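Observations on the three-dimensional arrangement
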Amino acid sequence: MLSKKIEKELNKQIVLEGEASFFYLSMASWSDNAGFEGAAKFLYGHSEEEREHMLRLFTYINDAGGHALAPGIKTPEHQFKSLQQIFETVLKHEQAVTVAINKLVDVCLQEKDHSTFNFLQWYVAEQHEEERLFKSILDKFKIIGNDGKALFWIDKELEGLASGSGLPAIEEAKE
Ligand code: OFO
């Protein structure tokens, strides 16, 4: 049975995951409008992943005797300066989510809630993976730059990531 304190903290995490989903949806839409089809596909997919992260919390809370609360939708930013700015923003956002997950894990330890501690280990690993992924995308801007040709290849790379294959596009771009 979840304590009220842990239930409240998990519901706060639901809000963060839901916000991330809509934030990435907004970024996907901007990318789509700007002609970055690969980035749009990647970000639409990522928005969906965040919704799954949110739903995973719903299931856990309700299974553990608590009450998962559907969050309100906070309107995310709609305008971005560039594709690079989008991924810098995503990385910052993911770093903030990592801090929130770590705090949640700390609360579980203080409360001696080992079951929720165990459940949250999936998020700990996921955040590590997400930060690594977004850092590696930002590295691509450093490697091949920010001009039209570079953006074309980065977009292709993102298309590859969205399809589940790390593309060799960077190698081609350097030729
Ligand atoms: Fe669910 O915050 Fe990203 O992964």
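To start, this report covers the structure provided alongside it.

1. Comments concerning the pattern of salt bridges
Under the definition given, this model contains 9 salt bridges. Of the charged contacts, one joins Glu19 and Lys74 as a salt bridge, the two residues approaching to 4.0 Å between their closest N and O atoms. Within this pair, whereas Glu19 is found in helix 1 (residues 4–33), its partner Lys74 is found in the loop between helix 2 (37–63) and helix 3 (83–110), the two being separated by 55 residues in sequence. Using a relative accessible area of 56% as the deciding quantity, one classes Lys74 as exposed. Between Glu129 and Arg132 there is a salt bridge; the shortest N-O distance is 2.5 Å. Separated by 3 residues within a single helix, Glu129 and Arg132 lie in helix 4 (residues 114–144), roughly one turn from each other. With a relative accessible area of 46%, Arg132 lands in the partly exposed category.

2. Focus: the side chain of Glu50
The residue Glu50 is located in helix 2 in this model. No salt bridge is formed by the buried Glu50, whose closest oppositely charged neighbour, Arg56, lies at an N-O distance of 10 Å. Contacts of Glu50, omitting those with residues within four sequence positions, involve Glu17, Ala20, Ser21, Tyr24, Glu94 and Glu130.

Procedures and definitions
Residues numbered from 1 in each chain as written. Predicted model: local features only at pLDDT ≥ 70, side-chain atom pairs only at ≥ 80, totals over all residues. Heavy atoms only, no water. Salt bridge = Lys/Arg side-chain N within 4 Å of Asp/Glu carboxyl O. Helix = DSSP H or I, 4+ residues; strand = E, 2+ residues; numbered from the N terminus. Buried < 20%, exposed > 50% of the residue type's maximum accessible area, 1.4 Å probe, protein only. Lys, Arg positive; Asp, Glu negative; His and termini not counted. Contact = heavy atoms within 4.5 Å.

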